[in-house]
Amino acid sequence: MIKITFPDGSVREYNEGVTGLQIAESISSRLAQDVLACAVNGETIDLSRPINEDANFVLYKWEDEQGKHAFWHTSAHLLAEALQELYPGIQFGIGPAIENGFYYDVDPGEATIKDSDLPAIEAKMAELAAKKEELVRQSIAKEDALKKFGERGETYKCELISELEDGHITTYTQGAFTDLCRGPHLVSTAPIKAIKLLSVAGAYWRGQEDRKQLTRIYGITFPKKKMLDEYLAMLEEAKKRDHRKIGKEMDLFMFSDTVGKGLPMWLPKGTALRIRLQDFLRRIQARYDYQEVMCPPIGNKLLYITSGHYAKYGKDSFQPIHTPEEGEEYFLKPMNCPHHCMIYKNTPRSYKDLPLRIAEFGTVCRYEQSGELHGLTRVRSFTQDDAHIFCRPDQVKDEFLRVMDIISIVFKSMNFENFEAQISLRDKVNREKYIGSDENWEKAERAIVEACEEKGLKAKVEYGEAAFYGPKLDFMVKDAIGRRWQLGTIQVDYNLPERFQLEYMGSDNQKHRPVMIHRAPFGSMERFVAVLIEHTAGKFPLWLTPEQVAILPISEKFNEYAESVKAELRKFDVRAIVDDRNEKIGRKIRDNEMKRIPYMLIVGEKEAGNGEVAVRKQGEGDKGTVKIAEFGKNVSEEVSNMINKW
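Per chain, residue numbering runs from 1 following the sequence as it is written. Since the coordinates come from a predicted model, pLDDT governs what is reported: local features require at least 70, and pairs of side-chain atoms require 80 or more to be given and counted, while whole-chain, interface and lining totals use all residues. With hydrogens and water set aside, each side-chain value is computed from the structure's full complement of heavy atoms.

A. Spotlight on the nonpolar core. Core analysis: the largest hydrophobic core is formed by 79 residues, its most contacted members being Leu277, Leu473, Ile551, Leu569 and Phe631. Per-element tally for this core: the top contributor is helix 13 (residues 396-413), with 10 residues. By convention a nonpolar core is built from buried Ala, Val, Leu, Ile, Met, Phe, Trp, Tyr and Cys residues, the set being connected through side-chain atoms within 4.5 Å. Only protein chains enter the area calculation, which uses a 1.4 Å probe; residues under 20% of their type maximum are buried, those over 50% are exposed, and those in between are partly exposed. Only DSSP runs of H or I with at least four residues qualify as helices, and only runs of E with at least two residues qualify as strands; both kinds are numbered from the N terminus onward.

B. Expanded view of the sheet that holds strand 33 (residues 599-603). When DSSP finds two or more bridges between two strands, those strands count as paired. Taken in spatial order, the five strands make up an open sheet running 32-31-33-34-35, and their pairing is mixed. Single-partner strands in this sheet number two, and they are strand 32 (576-578) and strand 35 (621-627). Ignoring strand direction, the axes of neighbouring strands in this sheet form an average angle of 25°. With six bridges joining them, strand 34 (residues 612-617) and strand 35 adopt antiparallel strand pairing. Its bridge partner lying in strand 35, Ala614 is registered against Thr625. Across the sheet, helix 17 (residues 559-570) lies against strand 31 (549-553), strand 32, strand 33 and strand 34, angled at about 160° from strand 31, the strand it touches most. Against the sheet, helix 20 (residues 628-644) engages strand 31, strand 33, strand 34 and strand 35, with an angle of about 120° to strand 35. Axis definition: a line fitted to C-alpha atoms, over the contacting stretch in the case of helices. Angles run 0 to 180 degrees between N-to-C directions. Any two residues whose heavy atoms approach within 4.5 Å are treated as being in contact.

C. Expanded view of the packing of helix 17 against helix 20. At a minimum axis separation of 9 Å, helix 17 and helix 20 run at an interaxial angle of 40°. As summarised for this structure, helix 17 and helix 20 are arranged oblique, according to the angle between their axes. Considering the relative orientation of helix 17 and helix 20, their crossing is right-handed. Residues Tyr561, Val565, Glu568 and Leu569 of helix 17 lie in contact with helix 20, whose contacting residues are Ile628, Phe631 and Gly632. Convention used here: angles under 35 degrees read as roughly parallel, angles over 145 as roughly antiparallel, angles from 65 to 115 as roughly perpendicular, and any remaining angle as oblique. Crossing chirality is assigned from the near helix's rotation relative to the far helix, an anticlockwise turn below a right angle marking it left-handed and a clockwise turn marking it right-handed.

D. The arrangement of the pairing of strand 30 (residues 515-520) in detail. In terms of burial, strand 30 is largely enclosed, as six of its six residues are buried. Taking every second residue as pointing to the same face, both faces of strand 30 are buried, with Val515, Ile517 and Arg519 on one and Met516, His518 and Ala520 on the other. Summarising the sheet, strand 23 (residues 381-391) and strand 30 pair through five bridges and their orientation is antiparallel. Bridge pairing in strand 30 places Cys391 opposite Val515. Bridge count between strand 27 (residues 484-493) and strand 30: five bridges; the pairing is antiparallel. Bridging from a neighbouring strand, Asp493 pairs with Met516 of strand 30.

E. Structural view of helix 1 (residues 20-27). Within the sequence span of helix 1, burial applies to Gly20, Ile23 and Ala24. In a view along the axis of helix 1, the buried residues occupy a sector of 100°, so they form one face of it. By construction, the arc corresponds to the directions joining the helix axis to the C-beta atoms.

F. Just the sheet that holds strand 4 (residues 37-40), in detail. Pairing within the open sheet is mixed, and its five strands lie in the order 2-1-7-4-5. Of all the strands in the sheet, the pair left with one neighbour each is strand 2 (11-14) and strand 5 (43-45). Going across the sheet, the axis of each strand differs from the next one's by a mean of 35°, ignoring polarity. Note that strand 1 (residues 2-5) and strand 7 (residues 55-60) share two bridges and pair parallel. Within the sheet, the bridge partner assigned to Thr5 lies in strand 7 and is Asn56. Strand contacts of helix 1: strand 1, strand 2, strand 4 and strand 7, with the helix running at about 75° to strand 7, the strand carrying the most contacts.

G. Spotlight on a nonpolar patch on the surface. Taken together, Leu302, Ile305 and Tyr310 make up a surface patch of nonpolar side chains, about 280 Å² in accessible area. Note on placement: Tyr310 falls in helix 11 (residues 309-313). Only residues whose relative accessible area exceeds 30% and that form no salt bridge are eligible for patches; like-charged ones are grouped when within 9 Å, while nonpolar side chains (Val, Leu, Ile, Met, Phe, Trp, Tyr) are grouped when within 5 Å. Method for areas: the Shrake-Rupley scheme with a 1.4 Å probe, in which residue coverage is limited to the protein chains shown. The salt bridge definition used is simple: a Lys or Arg side-chain nitrogen within 4 Å of an Asp or Glu carboxyl oxygen.

H. How the structure looks around unusual backbone geometry. With an omega of 0°, the peptide bond between Gly183 and Pro184 qualifies as cis. With respect to the secondary-structure elements, Pro184 resides in the loop between strand 13 (177-180) and strand 14 (194-204). Following Leu354, the chain continues into Pro355 via a peptide bond in cis, with omega recorded as 5°. If you trace the backbone, Pro355 turns up in the loop between helix 12 (337-345) and strand 22 (356-365). Positive phi, normally seen in glycine, also occurs at Asn41, with a value near 55°. By the secondary structure assignment, Asn41 is in the loop between strand 4 and strand 5.

I. Representation of the side chain of Arg426 in the model. With respect to the secondary-structure elements, Arg426 resides in the loop between strand 24 (419-425) and helix 14 (438-455). By relative accessible area, which is 6% here, Arg426 ends up buried. A polar contact of 2.9 Å, which involves the side chain of Arg426, links it to the side chain of Asp438. Apart from residues lying up to four places away in sequence, Arg426 is in contact with Arg431, Tyr434, Asp438, Trp441, Glu442, Glu445, Tyr463, Gly464 and Ala466. Whenever a nitrogen or oxygen atom comes within 3.5 Å of another N or O atom, the pair is scored as a polar contact, on the condition that within protein one atom can donate a hydrogen and the other can accept it, and that pairs from neighbouring residues in sequence are kept only if both atoms are in side chains.

J. Main features of the pattern of salt bridges. If you walk through the whole model with that rule in mind, you get 51 salt bridges. For Asp105, the salt bridge goes to Arg216, with nearest N and O atoms at 2.7 Å. One end of the pair, Asp105, is in strand 10 (residues 101-107); the other, Arg216, is in strand 15 (residues 213-222), and 111 residues separate them in sequence. With relative accessibility at 11%, the residue Arg216 sits in the buried group. The closest approach of N and O atoms between Glu399 and Arg357, which form a salt bridge, is 2.9 Å. Residue Glu399 is located in helix 13, and its partner Arg357 is located in strand 22; the two are separated by 42 residues in the primary sequence.

K. Up close: the layout of surface pockets. Here a cavity denotes grid points, spaced 1 Å and computed from the protein atoms alone, that fit a 1.4 Å probe unable to get out, and a pocket denotes an open set having protein on both sides within 12 Å along at least 5 of 7 lines; residues with an atom within 4 Å of a point are the lining. Grid points are joined across faces, edges and corners, and a volume is the space filled by probe spheres set on the points. Empty space within the second largest pocket amounts to approximately 500 Å³. Every residue lining the second largest pocket is counted, 19 residues in all, and those nearest its centre are Gln33, Asp34, Leu36, Pro191 and Pro223. Broken down by element, the lining of the second largest pocket gets its largest block of residues, four residues, from helix 2 (residues 29-34). Lys, Arg, Asp and Glu make up the charged group, whereas Ala, Val, Leu, Ile, Met, Phe, Trp, Tyr, Cys and Pro make up the nonpolar group; the residues left over, Gly among them, are polar. Taken together, the residues of the lining of the second largest pocket sort by class into 11 nonpolar, two polar and six charged.

This is the structure in structure tokens:
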């Protein structure tokens with residue numbers, strides 16, 4: 001018999017070799033119908049896998065990310081099985097589950113798979129799913145795996161197998177399809193009821209531009225058709241909110257292939273919006289005693305060798321800049337923290353000087369593959385609202401809590417009320433990708449967990465998601481239509497201070513290492529603005545929006561009065577424009593509503609004679625007529641109340 005411990009602490013005994021599905025059935029038949037995967041001692045596995053030792057045990061349903069992951073991972077295999085039937089000789093690359101759905105990279109040989117082919121592939125997937133095919137897991141020797149996939153001409157799979165260790169290779173089979181895979185998967189294809197293939201794209205094999213371009217097919221599946229219908233409706237709404245579309249309509253930013261792919265340029269209105277966001281954060285940071293610094297846009301290669309970033313991310317950086325001096329190399333700055341370490345090191349520090357909080361709106365450059373670029377959310381140059389706190393070990397938790405307060409203020413001010421937190425820790429097994437001692441990692445991880453407990457913040461724990469230098473707390477925001485975005489982050493780092501030999505003189509008159517906390521409430525200005533655009537559909541808070549008021553003269557005769565209204569509103573710091581086009585007033589109203597301007601002021605003979613304006617508010621219509629000064633004062637107070645609230 002083995003002991004199974006459930007999340008509530010209860011313990012049950014089962015025969016050795018019991019499966020997750022059998023455990024679910026022992027609790028209730030209804031539960032057994034709903035579960036999709038399980039975790040044994042923190043590892044997510046198939047429900048059909050036998051459990052042979054005492055274990056902590058968790059069951060996952062659709063509501064759990066691990067359940068969705070198993071569901072969509074199986075759906076990727078179902079897609080591959082359908083493609084194998086429809087396109088004989090097709091070769092398969094990789095087919096993972098992603099945040100929303102799955103994809104499979106395939107090489108169809110002489111065939112071409114187009115968007116118009118997707119309905120037929122969907123139909124074949126539905127036909128196969130209805131057969132309720134079981135997924136059978138098998139461990140296989142490396143030699144046998146190479147032979148099996150080699151005989152089928154699967155060159156991509158053989159390349160992957162050649163890099164794996166013998167004794168750790170598994171395959172999954174459903175029907176006539178077998179795939180190289182670690183899992184986890186559903187017990188069978190039966191739960192897959194609603195299928196939608198979304199798009200066809202190109203993807204270089206293993207993300208390398210010098211390798212062959214494969215065909216990538218994206219899809220999503222659900223256990224109920226209603227869920228799929230709701231998701232497709234959300235996608236339609238997302239198209240309307242696309243920040244690339246709205247950003248163009250509002251003249252916020254632009255891209256130019258002549259300048260370079262993934263290099264955004266902020267237009268005047270977008271720049272003004274960005275500056276207001278930065279000023280907003282500066283006011284908050286001032287209350288928490290941050291000092292702002294500015295660093296150059298490049299750094300010597302030795303800086304990044306010292307920090308460890310070159311070894312970890314050198315391939316993802318732009319190519320080095322070679323100077324006329326022999327052997328001298330520079331990199332476009334890929335991150336701000338090494339520069340800030342040198343600022344700390346510039347001056348001898350005492351324990352009385354700590355914590356030292358330094359902040360920078362620092363622009364960095366990272367080479368993203370061209371196929372991965374997407375508007376402002378994936379770019380090659382972006383500005384982080386970066387700050388680094390250097391503190392004593394006994395100050396870590398308090399400083400961490402203060403940063404959590406700042407992030408909370410930022411999210412609430414933008415109406416990001418719905419957010420989740422994730423504690424990202426080291427991989428339990430593979431420790432090679434991290435730097436630093438186990439002792440320092442354990443202290444850093446414990447500080448984050450205790451801070452979350454003290455704040456009453458329910459945060460899920462993800463192993464293997466930590467930065468290479470330390471654990472972190474990430475904030476995932478849900479926008480107005482339910483999509484999740486990773487924005488703010490806080491990271492505890494015992495390692496960079498060690499690598500840069502940072503010190504402070506303690507109260508014992510001995511030298512000690514400070515601890516470093518990395519933090520970015522916005523994350524990056526580009527990504528944050530993109531998410532804010534899509535969350536608000538471009539209808540920014542009044543204090544932030546580029547243009548607060550549009551003044552609409554009903555004819556050319558009142559253009560001069562409209563300009564005088566604009567000048568009067570400027571005294572109240574109200575940002576206004578005059579729409580003096582030779583258009584009918586109805587057209588002007590519609591056009592300025594499309595520009596998402598919060599207030600419109602209609603001015604004609606009556607208003608000019610009385611020194612008044614007729615007010616329309618976005619989404620609320622006619623609000624009556626008021627004196628210019630009264631309107632200016634009201635808007636000014638509305639903005640002031642918004643800003644001072646935080």
